[in-house]
Amino acid sequence: MHMSNHVIKLILGLNLLLLITSCKRNNDGVIMQIPLRTVDCNINEAKKLTYFSEVCDSIIVIPLKDSNLIGFVDIIHLDDSGIYLTSNNIMYAFNWAGDELYCLDRKGRASFDYLEIGDFAISNDYLVISDPEGKKILLFDKNNGSFLKSIYLDFYPERIAFLNEKELVISCGGVEGP
């Protein structure tokens with residue numbers, strides 16, 4: 001018990017010394033200044049219900065006819081050609097009738113595989129998947145899902161979007177990891 005009191009006093013003394021030496025004053029003598037802001041929250045407005053009829057003309061239910069069991073949908077994109085979505089690191093493409101066009105389940109380490117689907121983007125002709133774990137993006141033919149090429153990067157790609165048919169914007173998760 002006697003030894004533990006000395007250890008506790010030593011630890012408290014070191015913490016006090018660390019606290020005193022780590023606080024530095026700026027030229028004004030102020031240690032820290034935090035500006036205060038007032039945020040006006042109207043709870044009644046936050047509870048306002050929005051009905052689909054206020055934002056949509058109609059709702060269409062499209063039953064997806066797929067050969068696989070789709071779980072939680074991670075990402076979904078729509079265009080004139082169909083519905084594109086990811087679930088459990090699998091990419092699915094459907095036409096507007098709900099028929100499955102193709103499924104990309106290419107988890108692996110080969111150049112035509114991905115380790116993880118971070119995001120995907122579609123253009124008129126292409127489907128691009130970002131693979132942050134593999135530090136690459138994969139380019140596929142949007143019409144049939146055939147692999148076209150991989151582009152290896154020196155950073156971890158996260159989100160992607162097409163600017164136009166030939167230009168892609170990629171957000172970077174850093175060079176050491178997301």
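Residues numbered from 1 in each chain as written. Predicted model: local features only at pLDDT ≥ 70, side-chain atom pairs only at ≥ 80, totals over all residues. Heavy atoms only, no water.

(A) Layout of the layout of surface pockets. In this model, the largest pocket occupies a volume close to 190 Å³. Forming the boundary of the largest pocket are Tyr 126, Val 128, Ile 137, Leu 138, Leu 139, Lys 149, Ile 151, Phe 162, Glu 165, Lys 166, Glu 167 and Leu 168. Among the secondary structure elements, those contributing two or more residues to the lining of the largest pocket are β6 (126-131), β7 (136-141) and β8 (147-152). (1 Å grid on protein atoms, 1.4 Å probe; cavity = no way out; pocket = protein on both sides within 12 Å on 5 of 7 lines; lining within 4 Å. Points joined across faces, edges and corners; volume = space filled by probe spheres on them. Helix = DSSP H or I, 4+ residues; strand = E, 2+ residues; numbered from the N terminus.)

(B) Seen up close, the side chain of Ser 130. One can find Ser 130 in strand β6. A polar atom in the side chain of Ser 130 sits 2.9 Å from the backbone oxygen of Glu 158. With residues up to four places along the chain from it excluded, the contact list for Ser 130 reads Glu 116, Ile 117, Gly 118, Asp 119, Lys 136, Ile 137, Pro 157, Glu 158 and Ile 160. (Polar contact = N/O pair within 3.5 Å; in protein donor to acceptor, adjacent residues only side chain to side chain. Contact = heavy atoms within 4.5 Å.)

(C) Structural detail: the nonpolar core. Core analysis: the largest hydrophobic core is formed by 14 residues, its most contacted members being Tyr 84, Met 91, Leu 104, Phe 120, Leu 127 and Ile 129. Counting residues per element, the ones that place at least two in this core are β3 (90-94), β4 (100-104), β5 (119-122), β6 and β7. Once you skip the residues sitting within four places of it in the chain, Leu 104 turns out to touch Ile 90, Met 91, Tyr 114, Leu 127, Ile 129, Phe 140 and Gly 145. In this structure, Val 128, Ile 137, Leu 139 and Ile 160 belong to the second largest nonpolar core, which totals 7 residues. (Core = buried A, V, L, I, M, F, W, Y, C linked by side-chain atoms within 4.5 Å. Buried < 20%, exposed > 50% of the residue type's maximum accessible area, 1.4 Å probe, protein only.)

(D) A look at the packing of aromatic side chains. A full pass over the atoms with the stated rule returns 3 aromatic pairs. On the numbers, 6.3 Å between centres and 70 degrees between planes, the contact of Phe 112 with Phe 147 is edge-to-face. Taken as a pair, Phe 112 in the loop between β4 and β5 and Phe 147 in strand β8 lie far apart in primary sequence, 35 residues in all. Ring geometry for Phe 140 against Phe 147: centres 5.8 Å apart, planes inclined by 70 degrees, an arrangement best described as edge-to-face. Given a relative accessible area of 0%, Phe 140 falls into the buried group. When its relative accessible area of 26% is taken as the criterion, Phe 147 is described as partly exposed. (Phe/Tyr/Trp six-rings, centres within 6.5 Å; stacked < 30°, edge-to-face > 60°.)

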